[in-house]
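Each chain, letter by letter, is given below.
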Amino acid sequence: MADGDVEPTGDPFDTKAAGWDDDPKKWERARRVAQCLRAAVDLRADTRLFEYGAGTGMLSSELRDEVGSVTVADRSAGMLEVLRAKAAAGGSLEGAQVLDLDVLRDPLLSERFDLVATVMTLHHIPEIDQVVAALASLLDSGGHLAAADLEAEDGSFHDDEFDGHDGFEREHLRSLLTGAGLVDVAFGSCGVVEKHGRDYPLFLVTARKP
């Protein structure tokens, strides 16, 4: 999608994008995930970071000073507009590469990364096995896939029309990661997401490409 005005797509995230960064709880979650990720993966000045389903790039913003190149990708036109503005504005995402990308339906990137990260993205994607395999394919040897998402829940997090996943059982996700050729799969608790007056536990899983 070209730069410019946001075209309506029916994606609810398009209308939420402009005010996304105004929610301190979302920044708190990004900081918490960044802290969990730092404890699980060694970050270097030359680490090539790819954040998929990046939204407004909160996680990448939190890690920007600790890594090398940053690539952020989303499908929401509204989120992409915010990302492009941030990449051009000289702030925490200055110089980031911004991509309109669906790894399941668009041609795969030729680039390879040292860290592929997602936050609260995987549970939105019905084809979870395919997206895990696609993200794993973007890793260079020795690189890590890191995903923060919901522990298995009772379906109350989303409304009745939601067609994704009600969180994840850890062992199921572990089998998908190993099936994608990744090793050293490790899970850790990473706080909670508050919604509907309830706390929904969040995990961070990391896995390495041999």
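Presented here is an overview of the structure given in this document. Counting from 1, residues in each chain are numbered in the order their sequence is written. pLDDT decides what is reported in this predicted model: residues at 70 or higher carry local features, side-chain atom pairs at 80 or more are listed and counted, and totals for whole chains, interfaces and linings draw on all residues regardless. The basis for every side-chain value is the complete set of non-hydrogen atoms in the structure, without hydrogens or water.

Concerning the packing of aromatic side chains
For clarity, the threshold we go by: Here is the rule: rings of Phe, Tyr and Trp (six-membered ring for Trp) pair when centre to centre is within 6.5 Å. Planes less than 30 degrees apart are stacked, more than 60 are edge-to-face, and the remainder are tilted. Helix and strand labels come from DSSP, where a helix needs a run of H or I of at least four residues and a strand needs a run of E of at least two; each type is numbered from the N terminus. Between buried and exposed lies partly exposed: a residue is buried under 20% and exposed over 50% of the maximum accessible area for its type, with that area taken using a 1.4 Å probe on protein chains only. Only lysine NZ and arginine CZ atoms are considered, and such an atom sits over a ring when it is within 6 Å of the ring centre and within 35 degrees of the ring normal.
Applying the stated criterion across every chain, the model contains four aromatic pairs. On the basis of an interplanar angle of 25 degrees and a centroid distance of 5.0 Å, the ring pair of Phe50 and Phe113 is categorised as stacked. Linking Phe50 in strand β1 (residues 49-52) with Phe113 in strand β4 (residues 113-119), this pair joins segments that are 63 residues apart in sequence. The pair Phe50 / Phe113 is uniform in exposure class, with both members buried. Each member of the aromatic cluster is reached from another via a ring pair, and the members are Phe50, Tyr52 and Phe113. Looking at Lys26, its charged tip hangs above the ring of Trp20, at a distance of 4.4 Å from the centre.

A closer look at the sheet that holds strand β6 (residues 183-195)
Whether parallel or antiparallel, the strands of a sheet pair through hydrogen bonds between backbone atoms. The test is simple: By definition, two strands form a pair when at least two bridges between them are found by DSSP. Between N-to-C directions, angles cover 0 to 180 degrees, with each direction set by a line fitted to C-alpha atoms, over the stretch in contact for helices. In what follows, a contact means two residues having at least one pair of non-hydrogen atoms within 4.5 Å.
Taken together, the seven strands give an open sheet; going across it, the order is β3-β2-β1-β4-β5-β7-β6, and neighbouring strands pair in mixed fashion. At either end of the open sheet lies a strand with only one pairing partner, and these are β3 (97-100) and β6. Strand-to-strand, the axes of this sheet are offset by a mean angle of 15 degrees, without reference to chain direction. Packed onto the sheet, helix α2 (residues 24-40) meets β4, β5 (139-150), β6 and β7 (198-208) and runs at close to 160 degrees relative to β6. Along the sheet, helix α4 (residues 77-89) makes contact with β2 (70-74) and β3, crossing β3 at roughly 165 degrees.

Observations regarding the environment of His196
Which entries qualify depends on this criterion: Polar contacts here mean pairs of N or O atoms no more than 3.5 Å apart (in protein, one a potential hydrogen donor and the other a potential acceptor; neighbouring residues in sequence count only if both atoms are side-chain atoms).
Relative to the helices and strands, His196 resides in the loop between β6 and β7. Residue classification places His196 among the exposed residues on the basis of a relative accessible area of 54%. Along the backbone, His196 and Phe157 are 39 residues apart, and their C-alpha atoms lie at a distance of 7.7 Å. Excluding residues that lie within four positions of it along the chain, His196 makes contacts with Ser156 and Phe157. At 3.3 Å, the side chain of His196 forms a polar contact with the backbone oxygen of Ser156.

By themselves these figures say nothing about function.
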